[in-house]
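What follows is the residue order along each chain.
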Amino acid sequence: MAIEIAIETPLQDDVRGLVEELNETLLELTPPEHCYHLTVEQMAGDDTTVFIARDDGLAIGCGALKRHDVAIGEVKRMYTRPSHRGRKIGAMIVERVEALARNEGLKRLVLETGDRHPAAWAVYERAGFSRCGPVLDYPDSEWSVFYEKSL
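The paragraphs below set out a description of the structure included in this document. Here the structure is a predicted model, which means the values were calculated and not measured. (Residues numbered from 1 in each chain as written. Predicted model: local features only at pLDDT ≥ 70, side-chain atom pairs only at ≥ 80, totals over all residues. Heavy atoms only, no water.)

**Examining the pairing of strand β2 (residues 48–55)**
Burial analysis of β2 places eight of its eight residues in the buried class, which makes it a mostly covered element. Across the two faces of β2 the burial is the same, with Thr48, Val50, Ile52 and Arg54 and Thr49, Phe51, Ala53 and Asp55 all buried. The sheet contact formed by strand β1 (residues 4–7) and β2 spans four bridges and is antiparallel. Across the sheet, glutamate 4 pairs through a bridge with arginine 54, a residue of β2. Across eight bridges, the pairing between β2 and strand β3 (residues 58–67) is antiparallel. Opposite threonine 49, over in β3, you have leucine 65 as the bridge partner. With antiparallel pairing between neighbouring strands as the criterion, β2 and β3 make up a hairpin whose turn holds two residues, including aspartate 56 at a positive phi of roughly 55 degrees. (Buried < 20%, exposed > 50% of the residue type's maximum accessible area, 1.4 Å probe, protein only. Helix = DSSP H or I, 4+ residues; strand = E, 2+ residues; numbered from the N terminus. Pairing = 2+ DSSP bridges.)

Structure representation (structure tokens):
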């Protein structure tokens, strides 16, 4: 069965579990004070749209668009379960986030990711993002890598 990606509420038990996995994975690679997680409650806010990837009903990936103003959107909470990596799910989610941002008239997408996430860098770079300096209110840190893309 094909992977399906849809806008969903993060306030579902299986999505909460997926986000817990994401948080645990990030904390294995980055000190907690340099992790900028949104909780599922924050992800459910009016300023954020969450995309969930499902394989035969199982939540296996996620990503979100968080709006910061009328011009800037942020890619947040990108994750694909290890069992489904290598299938371009992250790329498909980024594509959906970007399409929504363009449709809403946002001019720029930005993101912060960790310094030990080369697979994530590859997804963003293939999608046309470029490395840049710190974005939004993130501190400049050796633990962070920043990307941007004009829409």
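That was the structure; now back to the text.
**A closer look at helix α4 (residues 118–126)**
Structurally, the α-helix is built with 3.6 residues per turn, so residues lying three or four positions apart point the same way. Listed in full, the buried residues belonging to α4 are Trp121, Val123 and Tyr124. Each buried residue of α4 sits inside an arc of 160 degrees when the element is viewed along its axis, so together they form one side. In α4, those exposed residues whose orientation departs by more than 90 degrees from the buried face are Pro118, Ala119 and Arg126. Its buried side turned inward, α4 meets β4 (72–80), α3 (89–103), β5 (108–114), β6 (130–132) and β7 (144–150). Directly beyond the C-terminal end of α4, a positive phi value near 95 degrees is found at glycine 128. (Arc of directions from axis to C-beta. Contact = heavy atoms within 4.5 Å.)

**Focus: the side chain of lysine 76**
Its location among the elements puts lysine 76 in strand β4. Classification of lysine 76 as buried rests on a relative accessible area of 8%. Aside from chain neighbours lying at most four places away, what touches lysine 76 is Tyr36, Leu38, Gly63, Ala64, Lys66 and Tyr138.

**Observations regarding unusual backbone geometry**
Here aspartate 56, not a glycine, exhibits a phi torsion of approximately 55 degrees, which is positive. Within the secondary structure, aspartate 56 is located in the loop between β2 and β3. Overall, the relative accessible area of 60% leaves aspartate 56 in the exposed class.

**Quick word on the environment of arginine 87**
Counting through the fold element by element, arginine 87 comes out in the loop between β4 and α3. Arginine 87 sits in the partly exposed class, given a relative accessible area of 40%. In the structure, arginine 87 is positioned 84 residues away from isoleucine 3 in sequence and 9.4 Å away in space, judged by C-alpha atoms. Beyond its immediate sequence surroundings of up to four residues, arginine 87 is in contact with Ile3, Asp55 and Met92.

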